[in-house]
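Residues per chain are reported as follows:
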Amino acid sequence: MAKELNEDTSFNVSIKTLGGIAAGIATVVGMWFALQADIAEARELPVPPPPAITHMEFDMKDQLVRQTIMTTQEDVKEIKAQLDKLNDKIDRLR
């Protein structure tokens, strides 16, 4: 049979257990206040400087790189066409 809990029910807790519980609570409370202090300090830190490259500058550089790639691609096509012509001339000369 299960024991019934009422006003007369008692239980024993040792001093060692109470000390452990108190130490655990003190640790949690100490960590909470340390965290709050770190947050307050972080709020007071200086604002980071603006980035060295702006979004607009990045877009312009990206566009320039893409344009350079397209121009290089066209140049390669022209060089291939010239190479084909030279190969044809060499074949006719043989």
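Scroll up a little and you will see the structure.
Here the residue numbers are simple positions, counted from 1 along each chain's written sequence. Only residues with pLDDT of 70 or above have their local features reported here, since the model is predicted, and side-chain atom pairs are shown and tallied only from 80 upward, although totals for entire chains, interfaces and linings are computed over all residues. With hydrogens and water stripped out, all remaining heavy atoms of the structure feed into the side-chain values.

**Here we look at the overall build of the protein chain**
Okay, so step 1: When you go through the protein chain residue by residue, the secondary structure sums to two helices and zero strands.
Okay, so step 2: All radius of gyration figures rest on C-alpha atoms, and the globule criterion is 2.2 Å times the number of residues raised to 0.38. A globule of 94 residues ought to have a C-alpha radius of gyration of about 12 Å, yet the protein chain, at 39 Å, is considerably larger.
Okay, so step 3: Counting only C-alpha atoms and orienting by the principal axes, one finds that the protein chain spans roughly 120 × 50 × 25 Å.
Okay, so step 4: Exposure is judged per residue with a 1.4 Å probe applied to protein chains only, and the accessible area is read against the type maximum: over 50% gives exposed, under 20% gives buried, and values in between give partly exposed. Buried residues in the protein chain amount to 0% of all 94 residues. Secondary structure elements are taken from DSSP: a helix is a run of H or I of four residues or more, a strand is a run of E of two residues or more, and numbering for both begins at the N terminus.

**Regarding the pattern of salt bridges**
Okay, so step 1: Salt bridge, as applied in this entry: a Lys or Arg side-chain nitrogen positioned within 4 Å of an Asp or Glu carboxyl oxygen. What the rule picks out here adds up to two salt bridges.
Okay, so step 2: The partner of Glu57 in a salt bridge is Lys61, with the nearest N and O atoms 3.6 Å apart. Pair noted here: Glu57 and Lys61 are both in helix 2 (residues 55-93), with a separation of four residues, about one helical turn.
Okay, so step 3: Given a relative accessible area of 32%, Glu57 falls into the partly exposed group.
Okay, so step 4: For Asp62, the salt bridge identified is with Arg66, shortest N-O distance 3.0 Å. Here Arg66 and Asp62 lie together in helix 2, a separation of four residues that amounts to about one turn.

**What about the environment of Thr68?**
Okay, so step 1: Here Thr68 is to be found in helix 2.
Okay, so step 2: In sequence terms Thr68 and Pro50 are 18 residues apart; their C-alpha atoms lie 29 Å from each other.

**Thoughts on the environment of Ala22**
Okay, so step 1: Looking at the secondary structure, you find Ala22 in helix 1 (residues 15-44).
Okay, so step 2: Take Ala22: its relative accessible area is 44%, and that puts it in the partly exposed class.
Okay, so step 3: Spatially, the C-alpha atoms of Ala22 and Asn6 are 27 Å apart, while their sequence positions differ by 16 residues.

**Examining a nonpolar patch on the surface**
Okay, so step 1: A contiguous nonpolar surface patch, about 1,200 Å² in accessible area, is contributed by Phe11, Val13, Ile15, Leu18, Ile21, Ile25, Val29, Trp32, Phe33, Leu35 and Ile39.
Okay, so step 2: Relative to the elements of secondary structure, Leu18 occurs in helix 1. The patch calculation keeps residues exceeding 30% relative accessible area without a salt bridge and links them within 9 Å when they carry like charges or within 5 Å when they are nonpolar (Val, Leu, Ile, Met, Phe, Trp, Tyr). In short, Shrake-Rupley with a 1.4 Å probe defines the accessible areas, and a residue's cover is counted only from the protein chains shown.

**Quick look at the environment of Ile79**
Okay, so step 1: Of note, Ile79 is situated in helix 2.
Okay, so step 2: Taking the relative accessible area as the measure of exposure, Ile79 reaches 52% and is therefore exposed.

Everything listed here is a matter of coordinates, which is why it stays silent on function.
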